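Listed below, chain by chain, are the residues.
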Amino acid sequence: VGPKLFQYVTKVIVQAIQLLYTMLRIEQPSYILLQNPPGLPSIAVAWVACLFWRSKLIIDWHNYGYTIMSLNHGRNHPLVQIAKWYEKLFGRLSDYNLCVTNAMKEDLRVNCNIKAVTLYDKPASYFKETPLELQHRLYMKLAKDYQAFKPRYVSAFTEVDEKSGRVIKPRGRPALLISSTSWTEDEDFSVLLKALEDYEQFIDEGVKLPSLVCVITGKGPLKDYYNGLINELHFKHIQICTPWLEAEDYPLLLGSADLGVCLHKSSSGLDLPMKVVDMFGCCLPVCAIYFECLHELVKHNENGLIFRDSSELAEQLKMLFLEFPTLEGKLHNFRQNLRASKQLRWDESWDQTVLPLLG
């Protein structure tokens, strides 16, 4: 009840009391590790709890909370300015700081006088390429609920060979394009929808491209809005579905897809999209929209492509899927590069970077 500002302040106070009460009841920790954002009120509460327990506070900077708030309120809104002051002040009170990019490490040093260590996000061990048999089972499961996975085309994604009994990928199959999102303001999915309209036009003009199944996973506040836009599209060669997947099915689907698309634009320009990290763990090449420090993760023309607008994305889709799946072009090369990179997994990265920091 009451004005929005009153509601917000009340919420912060109640959360601070609840969180402090909870943290003072736990067994005494040596360290308290806090991911930011969200940092209001958790940074201040964790600092108070560390004083009480005589523990050390570690902040894991994934982004800045005030830049996310600015997406709704604008950079100059009083609440945003207060949040910015708060993050800088209490961020300096931590004992150790981790961050997700070298760009953020430099920004923390210059603008906040905070010394941080870069700890890149890495995929968990269960993000990996999905064997064909598991792919087949997953597609059969999804086909029960989602029209896009039913064999409406010449063939489905997979089929069982009658002679050998083995699962195979038929030549006439559609390409599987996947993206994931929390359906928030920092991802403009109209860019992808416009690119798919251009892709459909390429097929109508006679370009040898496969049909597409575009899967956009996740849930969030703007999902209904974008579903409305999707329902207005009438494609002949493209199907779009927006499922909410079970936790164990998401890595299986990433490991089965042909190409990932990322539309995450960092609110600060200093963090990296976790969805791309997971896709790379599955050796899935990615087309990702440009922002300032994206090059720390996506290497253009090596493990994926970077685009700036819908027309550039459409051209990239045309180039990557030309005569799919018979022609082994850049898409195949990107996947081979990802396989050869043998990137660290999360636990290995933690052991190499954080454990020495803690002594």
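This one's a predicted model, so the numbers in the text were calculated from it and none came from an experiment.

1. Describing the overall build of the protein chain
And then number 1: When you go through the protein chain residue by residue, the secondary structure sums to 13 helices and twelve strands.
And then number 2: A total of 359 residues make up the protein chain; the buried ones form 50% of that total.
And then number 3: Considering only residue pairs separated by 6 or more positions, the protein chain has 70% of its internal contacts joining residues 24 or more positions apart.
And then number 4: Accessible surface, the protein chain: about 18500 Å² in total, of which carbon and sulfur atoms supply 54%.
And then number 5: If you average the places of the 39 positive and of the 41 negative side-chain charges in the protein chain, the two averages end up 3 Å apart.

2. Notes on the pattern of salt bridges
And then number 1: Under the criterion given, the structure shown has ten salt bridges.
And then number 2: The partner of Glu129 in a salt bridge is Arg339, and the shortest N-O contact between them spans 2.8 Å. A residue pair is termed long-range when its members are at least 10 positions apart, and Glu129 in the loop between strand E4 (117-118) and helix H6 (132-143) and Arg339 in helix H12 (residues 330-341) qualify at 210 residues.
And then number 3: A relative accessible area of 31% places Glu129 in the partly exposed class.
And then number 4: Its salt-bridge partner being Glu246, residue Lys141 comes within 3.3 Å of it at the nearest N-O pair.

3. Structural notes on unusual backbone geometry
Among all residues except glycine, the phi angle is most often negative; among peptide bonds, the trans geometry is most common.
And then number 1: The omega torsion across Leu40 and Pro41 is 10 degrees, close enough to zero to call that bond cis.
And then number 2: Looking at the element boundaries, Pro41 is found in the loop between strand E1 (31-36) and helix H2 (42-53).
And then number 3: In this structure, Pro325 follows Phe324 across a cis peptide bond, with omega equal to -5 degrees.
And then number 4: Position of Pro325 among the secondary structure elements: in the loop between helix H11 (310-321) and H12.
And then number 5: Even without being a glycine, Asn113 presents a positive backbone phi close to 55 degrees.
And then number 6: At Asn301, a position not held by glycine, the phi torsion is positive, near 70 degrees.
And then number 7: With respect to the helices and strands, the residue Asn301 is situated in the loop between strand E11 (286-289) and strand E12 (304-307).

4. Digging into the packing of H2 against helix H4 (residues 78-91)
Geometrically, a packed helix pair is captured by the angle between its two axes and the distance between the axes.
And then number 1: At a closest axis distance of 9 Å, the pairing of H2 and H4 adopts a crossing angle of 25 degrees. Looking at the two axes, H2 sits roughly parallel to H4. By crossing handedness, the relation of H2 to H4 is classed as left-handed. Across the interface between the two elements, Ser42, Ile43, Ala44 and Trp47 from H2 touch Tyr86, Glu87, Phe90 and Gly91 from H4.
And then number 2: For the contact of H2 with H4, the per-class residue count stands at five nonpolar, two polar and one charged.

5. Remarks on the pairing of strand E8 (residues 212-217)
And then number 1: The buried count for E8 comes to six of six residues, which makes it a mostly enclosed element.
And then number 2: Two strands pair when backbone bridges link them, and strand E7 (residues 175-180) and E8 are joined in this way by six bridges, in the parallel orientation. Residue pairing in the sheet places Ser180 in a bridge with Thr217 of E8.
And then number 3: With respect to chirality, the unit in which E7 leads through helix H7 (residues 190-204) into the neighbouring parallel E8 is right-handed.
And then number 4: The pairing of E8 with strand E9 (residues 238-241) spans four bridges and is classified as parallel. Within the sheet, the bridge partner assigned to Val215 lies in E9 and is Cys241.
And then number 5: This β-α-β element, E8 to helix H8 (residues 223-231) to E9, shows right-handed connectivity.

Scoring rules and cut-offs
Residues numbered from 1 in each chain as written. Predicted model: local features only at pLDDT ≥ 70, side-chain atom pairs only at ≥ 80, totals over all residues. Heavy atoms only, no water. Helix = DSSP H or I, 4+ residues; strand = E, 2+ residues; numbered from the N terminus. Buried < 20%, exposed > 50% of the residue type's maximum accessible area, 1.4 Å probe, protein only. Contact = heavy atoms within 4.5 Å. Areas by Shrake-Rupley, 256 points an atom, 1.4 Å probe, with all protein chains shown as cover. Lys, Arg positive; Asp, Glu negative; His and termini not counted. Charge placed at Lys NZ, Arg CZ, Asp CG, Glu CD. Salt bridge = Lys/Arg side-chain N within 4 Å of Asp/Glu carboxyl O. Axes fitted to C-alpha atoms, helices over the stretch in contact; angles between N-to-C directions. Parallel < 35°, antiparallel > 145°, perpendicular 65-115°, else oblique. Left-handed = near helix turned anticlockwise from the far one by under 90°. Nonpolar A, V, L, I, M, F, W, Y, C, P; charged D, E, K, R; others polar. Pairing = 2+ DSSP bridges. Right-handed = clockwise from strand over helix to strand, strands pointing away.

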